Amino acid sequence: MTQTAAASPATPPAREAPLTPRQAMLRRALRHRGLIFGTTLMGIIVFVAIFAPLLTQYSPYDQDLLARMKPPVFLGGEAEHWLGTDALGRDFWSRLAYGARISLMIGIFAATISAVIGSVLGILAGYFGGRVDMAVTFLINVRLAMPVVLVALAVVALFGGSLMVVVSVLGLLLWDRFAVVLRSATMQVRKLEYVAAAEVLGASLPRVLWKDILPNVMNHLIVIFTLEMAHAIILEAALSFLGLGVQPPTPSWGLMISEGKEMLLFEPWLITIPGVALFCLVLSINMLGDAIRDVTAPEGRN
Amino acid sequence: MSDPILSIRNLTVDLPKGGDRPHAVEALSLDIQPKEIVCIVGESGSGKSITSFTTMGLLPKALTPSSGEVIFDGQDLLKISASEHAKLRGRRMAMIFQEPMSALNPCYTVGNQIEEMFEQHTDLAAAERRARTLRLLQEVHLPEPERIYTSYPHQLSGGQRQRIVIAMALALDPALLIADEPTTALDLSTQAQILHLLKELREHHSAGIMFVTHDFDVVAEIADRVVVMKEGRIVEEGTAEEVLNRPQHPYTRLLIDAVPRRTRVERDSLDGRPELLKVAGLEKTYHVKGNMFRPGRIVHACKNIEFAVRKGETLGIVGESGSGKSTLVKCLIRLEDPDEGAVWVEGTNIAAFSKRALHPYRKMIQIVFQDPYGSLNPRRTIGDQLVEGPVNFGRDRAEAMARARELMKIVRLDPEALNRYPNQFSGGQRQRICIARALMVEPKVLIADEAVSALDVSVQKEVLKLLNEIRDKMGLTVLFITHDLRVAAQVCDNLIVMQQGAIVERGTVDKVFGAPSHPYTQQLLAAQPGQGWDVPDVSKLPPVSAASGVGGVV
């Protein structure tokens, strides 16, 4: 209801030509507070990640053992290192800014790999049903029976931690939700008469899937993508915290938390700062996901 | 006349800003007497359901009554609180909905659900509640009340479910019964029984009934008084006899004129024309898989179907839901593979072709579906969807687009509309777009699968006219699938009547309607509502007098 209240001043006069789906979506987007907040927060983080070299004056790897554990400005530190320095005297702001790159990259690449695997499986299962569906459902069940963190730990322990390994492991593990949701969404769309009409009009199978099914399940895909992106980022942080994710000295937020944990009682900001950053990133992604669902499929909102 | 049970005075309900008009219902006044059935008739969007929802206090939050009063039991329903309104519902006023399945809770037996009415509003003992429930089940003519009592909604047929809903509504002998399109989702013969039941209730109970419908034949069957609504206003009001036979307002005349006649337009003889489509020995069975708790079932959806259609002929396939017409259609367009039998199109048997071999023959048979909202892809422009067919069959895209513009003109839509998306069109317009899409590949046979069933009567009339025109102009052969005998009578040359997967009757329209030989056909014809009503020829009525033009000229 708050939305209607917020929207009412901008409502168009009665009797206006109906909008194209895209225009209507844009209009809903501009009125959605969550979307605006999520996009802004996300925008800031992406901006920092891209322009990290311009925004920082130190390298995230340069140690300065004479300037260890300098507190950030708001805890009485100096402006030279405004977020302080860590136990090896590395500029905390630099590490945070470069760490955003790692988190975003992991999130985007892992979610992309999952999206491709999950949506192909889900759409095929939903479209064909029968044996294909049974096979895919079996695969989904197998995957759901695997504890993600445990498998990731084991694989990383075997192959050694690196960005590539972490991304691929997470990508290969997080496709289940894509498959489940797209399978049921496809089953619904498949029953609609425009799909039958396309088949009668001689459309080939790939064409039907590409033109009639995919665009109509796309909103689900986008929403799950954001969820899994956040999921992957958190998992990466967890793996890094356990020492089995991205390896030092790469600046990763999870690693920063891990490195700060020994000083938890003395210099809590070593953990708080990357923790808050992680929180903000995941929050913004989740808000974006919710907002995209509202904007693309207004009928599903209650 | 006694005091009215319900009296609506000057009711105005506002629509949210940005709608197509400022008020859903405007300055509406209406009385319902005890033992009276008042029919509110109108096309979709006329505000008839809003009127009934306002009375029941079930308006969606976005709509608010802005002025007027609804007097019931001596109090204004617009002024009482939601909880007071809730107390009235069920006890003093009750509602029967269009879709009985969604009005019943699938988790409880229907007996429990009826008993709940007593539990909520009275303090009867358990045994007495049960006895009353069984009596109600008897009153709505359900066979074996004891068995029905312990059944779950999904174990009953649509008609039985609607009877349960009616029994629930009657449980506490309410003073007002609101029925919102209660028979629209039902088969013809079930509809006849439910209408009969409602008429009986009028005699035995003192309730006033507000009956919302779009179907003038149902009105003719059941109404004492009729209120015709258009765009939120009442345009005509009077006794059923007056309104049906001497409609005064131009809009009422337009609606009555659009009611499908039982007589058809004479056409040239079809003798000597070549057979275009021939179906022989078509069989289709579905195997419903069983599980641990339920044995599997075999549904024989098409049994030895045989018929032939000549070039330019319109063949009507009539049957109730579950008669196998949809399966037959799916086999003809090869969305399903028939188990046995042959389908000859211009001498080629396509029934057993592989997908690859079928491809060039796909365009011979095209189809227009029932649901105007589900048959266009919401995320593609109209033009993109129209050229889909020809492009799939190897035509040049630009050439196809030119053809699409031409066809849009033929179905009387603006060719510029090709750049727009489906959500910008009304139901009738979408159905025309679907017809154009089917015609894009120049089919020989056009199947109209309940193509006009979801449309308002006036729109229905237009689309039927268009279909007829196109058939004559392009020499199309049409298979017209419908459950509506009136529509079938109007447009078809020959008829096939299907029941439980088999053809039980066939012949010319005159023969099937005039001298039906199969008991099922006779039963279907007898179940038609409004048979006692001779639809007046609107063009022969005296011109509208100036005084009666309440809502302006249509």
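Residues numbered from 1 in each chain as written. Chains lettered and ligands numbered in written order. Predicted model: local features only at pLDDT ≥ 70, side-chain atom pairs only at ≥ 80, totals over all residues.

As for the overall build of chain B
Logical step 1: The secondary structure content of chain B amounts to 20 helices and 20 strands.
Logical step 2: Its C-alpha atoms give chain B a radius of gyration of 26 Å, within 12% of the compact-globule value 24 Å for 554 residues.
Logical step 3: Along the three orthogonal principal directions, the C-alpha set of chain B runs to about 70 × 65 × 45 Å.
Logical step 4: Counting only residues that meet the buried cut, chain B has 44% of its 554 residues in that class.
Logical step 5: For chain B, the share of sequence-separated contacts (at least 6 apart) that also reach a separation of at least 24 residues comes to 69%. (Helix = DSSP H or I, 4+ residues; strand = E, 2+ residues; numbered from the N terminus. Rg over C-alpha atoms; globule rule 2.2 N^0.38 Å. Buried ≥ 20, exposed ≤ 12 C-beta atoms within 10 Å, placed from the backbone. Contact = placed C-beta atoms within 7 Å.)

What to know about the overall build of chain A
Logical step 1: Per the secondary structure count, chain A includes 13 helices and 0 strands.
Logical step 2: Counting from the amino terminus, chain A carries its helices and strands in the arrangement α-α-α-α-α-α-α-α-α-α-α-α-α.
Logical step 3: By residue count, 43% of the 302 residues in chain A fall in the buried class.
Logical step 4: Pairs at least 24 residues apart make up 70% of the contacts formed inside chain A by residues separated by at least 6 positions.

Observations concerning the sheet that holds strand S5 (residues 75–76) of chain B
Residues and elements named next belong to chain B.
Logical step 1: Overall, antiparallel pairing links the 4 strands, which are arranged S2-S1-S4-S5 in an open sheet. Either end of the sheet is taken by a strand with one partner, and the two such strands are strand S2 (23–32) and S5.
Logical step 2: Judged from the 7 bridges that link them, strand S1 (residues 6–14) and strand S4 (residues 64–72) form a sheet pairing that is antiparallel. Directly across from Asp 14, in S4, lies its bridge partner Thr 64. (Pairing = 2+ DSSP bridges.)

Quick word on the packing of helix H5 (residues 92–128) of chain A against helix H13 (residues 269–296) of chain A
Residues and elements named next belong to chain A.
Logical step 1: Taken N-terminus to C-terminus, the directions of H5 and H13 make an angle of 30°; their axes are 11 Å apart at the nearest point. Of the two elements, H5 crosses H13, and the hand of that crossing is right-handed. Of the residues in H13, those in contact with Phe 92, Leu 96, Gly 99 and Ser 103 of H5 are Ile 273, Pro 274, Ala 277 and Leu 281.
Logical step 2: For the contact of H5 with H13, the class distribution of residues is 6 nonpolar, 2 polar and no charged. (Axes fitted to C-alpha atoms, helices over the stretch in contact; angles between N-to-C directions. Left-handed = near helix turned anticlockwise from the far one by under 90°. Nonpolar A, V, L, I, M, F, W, Y, C, P; charged D, E, K, R; others polar.)

A short note on the pairing of strand S10 (residues 233–239) of chain B
All names here are of chain B.
Logical step 1: As paired elements, strand S9 (residues 225–230) and S10 share 6 bridges and run antiparallel to each other. Looking at S10, one finds that Lys 230 is bridged to Arg 233.
Logical step 2: What sits between the antiparallel neighbours S9 and S10 is a turn of 2 residues, in which Glu 231 has the positive phi angle 45°.

Points about the confidence of the model for chain B
Caution applies to low-pLDDT regions: their predicted coordinates should not be interpreted in detail.
Residues and elements named next belong to chain B.
Logical step 1: Per-residue confidence for chain B gives a mean pLDDT of 84, with 94% of residues at or over 70.
Logical step 2: In this model residues 546–554 is a low-confidence stretch, pLDDT under 50, and it forms 14 contacts with partners more than four residues away in sequence or in other chains.
Logical step 3: Both scores are available for the predicted complex, with the pTM at 0.79 and the ipTM at 0.75. (pLDDT = per-residue confidence, 0-100.)

Digging into the pairing of S4 of chain B
Within a regular beta strand, the side chains point alternately toward one face of the sheet and then the other, so they alternate between its two faces.
Residue and element names in this part refer to chain B.
Logical step 1: Note: S4 against S5, 2 bridges, orientation antiparallel. Across the sheet, residue Phe 72 finds its bridge partner in S5, namely Gln 75.
Logical step 2: If you look at the hairpin formed by S4 and S5, you'll find 2 residues sitting between the two strands, and Asp 73 has a positive phi there, around 55°.

Observations concerning the nonpolar core
Logical step 1: In terms of nonpolar packing, the biggest core is built from 232 residues, with Leu 170 of chain A together with Cys 39, Ala 167, Leu 176, Phe 211, Val 219 and Ile 447 of chain B touching the most fellow members.
Logical step 2: With 17 residues, H5 of chain A is the largest single contributor of residues to this core.
Logical step 3: Setting aside chain neighbours within four positions, we find Cys 39 of chain B in contact with Phe 211, Thr 213, Val 219, Ile 222, Ala 223, Val 226 and Val 227 of chain B. (Core = buried A, V, L, I, M, F, W, Y, C linked by C-beta atoms within 7 Å.)

A look at the domain arrangement of chain B
All names here are of chain B.
Logical step 1: When the domains of chain B are assigned, the result is domain 1 (6–102 + 175–258) and domain 2 (275–526).
Logical step 2: With centres defined by C-alpha atoms, the gap from domain 1 to domain 2 works out at 35 Å.
Logical step 3: Among the elements of the structure, helix H8 (188–204) and helix H11 (250–258) are those that each provide at least two residues to the side of domain 1 that touches domain 2.
Logical step 4: Broken down by element, the side of domain 1 that touches domain 2 gets its largest block of residues, 3 residues, from H11. (Domains from an automatic or database assignment.)

What to know about the packing of H5 of chain A against helix H9 (residues 176–190) of chain A
All names here are of chain A.
Logical step 1: The contact between H5 and H9 brings their axes to 7 Å, and the two run at 35°. When the axes of H5 and H9 are compared, the crossing they make is right-handed.
Logical step 2: For the contact of H5 with H9, the class distribution of residues is 12 nonpolar, 7 polar and 4 charged.

Comments concerning the environment of Arg 207 of chain A
Residue and element names in this part refer to chain A.
Logical step 1: Along the polypeptide, Arg 207 turns up in helix H11 (residues 205–241).
Logical step 2: Looking at Arg 207, the number of C-beta atoms within 10 Å reads 16, which means it is partly exposed.
Logical step 3: For the pair Arg 207 and Tyr 194, spaced 13 residues apart in sequence, the C-alpha to C-alpha distance is 13 Å.

Some words on the UniProt feature "domain: ABC transmembrane type-1" (unreviewed entry) in chain A
Logical step 1: The UniProt record marks residues 100–289 of chain A with the feature "domain: ABC transmembrane type-1" (unreviewed entry), using the residue numbering of this structure.
Logical step 2: Strand forms 0% of residues 100–289 of chain A and helix 82%; the C-alpha atoms that close the span are 19 Å apart. (UniProt positions renumbered as here; feature names shortened; annotations may be inferred.)

Details of the UniProt feature "transmembrane region" (unreviewed entry) in chain A
All names here are of chain A.
Logical step 1: The positions that UniProt labels "transmembrane region" (unreviewed entry) are, in the present scheme, residues 35–55, 102–128, 148–174, 222–246 and 266–285.
Logical step 2: Secondary structure over residues 35–55 splits into 95% helix and 0% strand, and the C-alpha atoms at its two ends are 26 Å apart.
Logical step 3: The distance from the first to the last C-alpha atom of residues 222–246 is 27 Å, and the span holds 80% helix and 0% strand.

Some points on helix H4 (residues 110–121) of chain B
Logical step 1: Look at H4 of chain B: 18 Å from first C-alpha to last across 12 residues, which is about the 16 Å you get at 1.5 Å a residue.
Logical step 2: Check the buried side of H4 of chain B and you find it contacts helix H2 (82–91), helix H5 (126–139), helix H6 (145–149) and helix H7 (158–170) of chain B. (Expected span 1.5 Å × (residues − 1).)

A word on the sheet that holds strand S8 (residues 208–213) of chain B
All names here are of chain B.
Logical step 1: Strand order in the open sheet formed by 6 strands is S6-S7-S8-S3-S9-S10, with mixed pairing between adjacent strands. With one partner strand each, in any of the chains shown, strand S6 (93–96) and S10 form the two edges of the open sheet. Neighbour to neighbour, the strand axes of the sheet diverge by 15° on average, direction disregarded.
Logical step 2: Pairing between strand S3 (residues 37–41) and S8: 5 bridges, direction parallel. What sits directly across from Cys 39, in S8, is Phe 211.
Logical step 3: Against the sheet, H7 engages S6 and strand S7 (176–180), with an angle of about 175° to S6.

Thoughts on unusual backbone geometry
Logical step 1: Pro 248 of chain A connects to Pro 249 of chain A through a cis peptide bond whose omega is 10°.
Logical step 2: Summarising the element assignment, Pro 249 of chain A is placed in the loop between H11 and helix H12 (253–260).
Logical step 3: Despite not being glycine, Gln 500 of chain B has its phi angle at roughly 45°, a positive value.
Logical step 4: One can find Gln 500 of chain B in the loop between strand S19 (494–499) and strand S20 (502–508).
Logical step 5: Residue classification places Gln 500 of chain B among the partly exposed residues on the basis of 15 C-beta atoms within 10 Å.

So, helix H8 (residues 163–173) of chain A
Because the α-helix completes a turn every 3.6 residues, residues three or four places apart line up on one side.
Logical step 1: Along H8 of chain A, the positions that sit buried rather than exposed are Val 165, Val 166, Val 167, Val 169, Leu 170, Gly 171 and Leu 173 of chain A.
Logical step 2: If you follow the buried residues of H8 of chain A, they end up packed against H5, helix H7 (148–159) and H11 of chain A.

A closer look at the environment of Ala 185 of chain A
All names here are of chain A.
Logical step 1: Checked against the element boundaries, Ala 185 lands in helix H9.
Logical step 2: Taking the C-alpha atoms as reference points, Ala 185 and Gly 122, 63 residues apart in sequence, are found 8.8 Å from one another.
Logical step 3: Apart from the residues within four sequence positions on either side, Ala 185 is in contact with Gly 126, Val 217 and His 220.

Some thoughts on the confidence of the model for chain A
Logical step 1: The pLDDT averaged across chain A works out to 83; a share of 91% of its residues lies at or above 70.
Logical step 2: Within the model, the stretch residues 1–16 of chain A combines pLDDT values under 50 with 14 contacts to residues more than four positions away or in other chains.

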